[in-house]
Amino acid sequence: MTDLGLPPAILACLFDLDGVVTRTAAVHAAAWKETFDAFLRARDGDGYRPFDAHTDYDEYVDGLPRADGVRSFLASRGIELPDGDPGDPPDTVTVNGLGNRKNERVLERIRSGGVEAYDGTVRYVRAARAQGLRTALVSSSANARDVLRAIGAEDLFDVRIDGVVAAERGLPGKPRPDTFLAAAADLGVEAEQAAVFEDALAGMDAGRSGHFGYVVGLDRVGQGDALYAHGADIVVPDLTELGDRGEGERA
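Because the structure is a prediction, the values reported are computed rather than measured.

Caption draft 1: Region of interest: the side chain of Asn100. In this fold, Asn100 is placed in helix H4 (residues 95–111). Accessibility expressed as a relative area gives 16% for Asn100, which makes it buried. Within polar-contact distance, the side chain of Asn100 engages the backbone oxygen of Asp88 at 2.8 Å. When near neighbours in sequence (up to four residues on either side) are disregarded, Asn100 contacts Arg66, Pro86, Gly87, Asp88 and Pro90.

Printed below as a string of C-alpha cells:
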C-alpha cells in the first residue's frame, strides 16, 4: 500500500459527493423527509407513517438519482405514481414532481450556507493530487457544481460526472457502475486503475460491479458491516485514517 492507503496500481480517485466530500447527507435527508411527509400526510391524513430520515434515507434513497429515490421509497410503502415529466412543477403529484419538490428544498439549504466540507477528505484529495493521482467527482446530484462552489472545491477535481452530465449522456445511476466508469474513462484510466470512495450502499454496489481496483467505504453512520457486504475493500470513518488502517481491510 502507498502512504495514501491505496494499492500501487491506482492512478485515479473517484469521489462521491454527499457524505464523502461534503456533509450534505443530513441536508438531503431533511429535504426528503419534508417532501415525503407532506405527500404522505396529504394522502393518508394525520395518521400517516412519517419518512424516517435515517432508516428510510439509508435504505431507499441515499446515493440514487432523484427520481429513482422517489420510486424506491414509494415502492417500500406500496405506492405507485406516474413518472410524469422531468420538468413537472414541484406541486405535481408525480415521481418527477416530488423529486423537483425535494430539489427546491435542498437548493434553499445550499444557498443559505447549509453545506460544509469534510476537512479530512479535502486534505486527502489535495494529497492525492500532489502525488500525481487524477481525481474525479461522481455524484447523482444535479446540484454538484453549486455544492462545490459553495465550499470552494471546484479546482480539486479534473472531471465531474454528476446528475446533469449523466442525463446528457444517458448514463444510469448507482447502483449501476456507469457513472464511475465514465469518470475513469474521462480521466484516461481503466477501472482497475481507479479507486472508488463512497459512503452509500448503492455506491459500494457500483464499485464492486464495475470491477474497480479498490473500493473505499466511508462509514459516517455506523454501517461498516453493510459497506463490506456491498463490496468495500476497506472501511474507515474518515479519510484521515485511510493510510493508517491496514487492519481494517477485508480479509
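Caption draft 2: Structural view of the sheet that holds strand S3 (residues 159–161). Strand order in the open sheet made by the six strands is S3-S2-S1-S4-S5-S6, with parallel pairing throughout. Edge positions in the sheet fall to S3 and strand S6 (234–236), since each of these pairs with one other strand and no more. Between one strand axis and the next, the sheet turns by 20° as a mean value, whatever way the strands run. Where strand S1 (residues 12–15) lies against strand S4 (residues 194–198), four bridges are found, and the strand directions are parallel. If you follow Leu14 over to S4, its bridge partner there is Val196. Across the sheet, helix H9 (residues 201–209) lies against S4 and strand S5 (214–218), angled at about 170° from S5, the strand it touches most.

Caption draft 3: Summary view of empty space enclosed by the protein. Inspection of every chain in the model, using the stated rule, returns one cavity of 30 Å³ or more. Taken as a whole, the largest cavity holds about 200 Å³ of empty space. The wall of the largest cavity is formed by 18 residues, among which Asp18, His28, Leu64, Lys102 and Ser140 lie closest to the centre. Of all the secondary-structure elements, those providing two or more residues to the lining of the largest cavity are helix H1 (25–44), helix H2 (55–61) and H4. Here the residues of the lining of the largest cavity sort into six nonpolar, six polar and six charged.

What counts and what doesn't
Residues numbered from 1 in each chain as written. Predicted model: local features only at pLDDT ≥ 70, side-chain atom pairs only at ≥ 80, totals over all residues. Heavy atoms only, no water. Helix = DSSP H or I, 4+ residues; strand = E, 2+ residues; numbered from the N terminus. Buried < 20%, exposed > 50% of the residue type's maximum accessible area, 1.4 Å probe, protein only. Polar contact = N/O pair within 3.5 Å; in protein donor to acceptor, adjacent residues only side chain to side chain. Contact = heavy atoms within 4.5 Å. Pairing = 2+ DSSP bridges. Axes fitted to C-alpha atoms, helices over the stretch in contact; angles between N-to-C directions. 1 Å grid on protein atoms, 1.4 Å probe; cavity = no way out; pocket = protein on both sides within 12 Å on 5 of 7 lines; lining within 4 Å. Points joined across faces, edges and corners; volume = space filled by probe spheres on them. Nonpolar A, V, L, I, M, F, W, Y, C, P; charged D, E, K, R; others polar.

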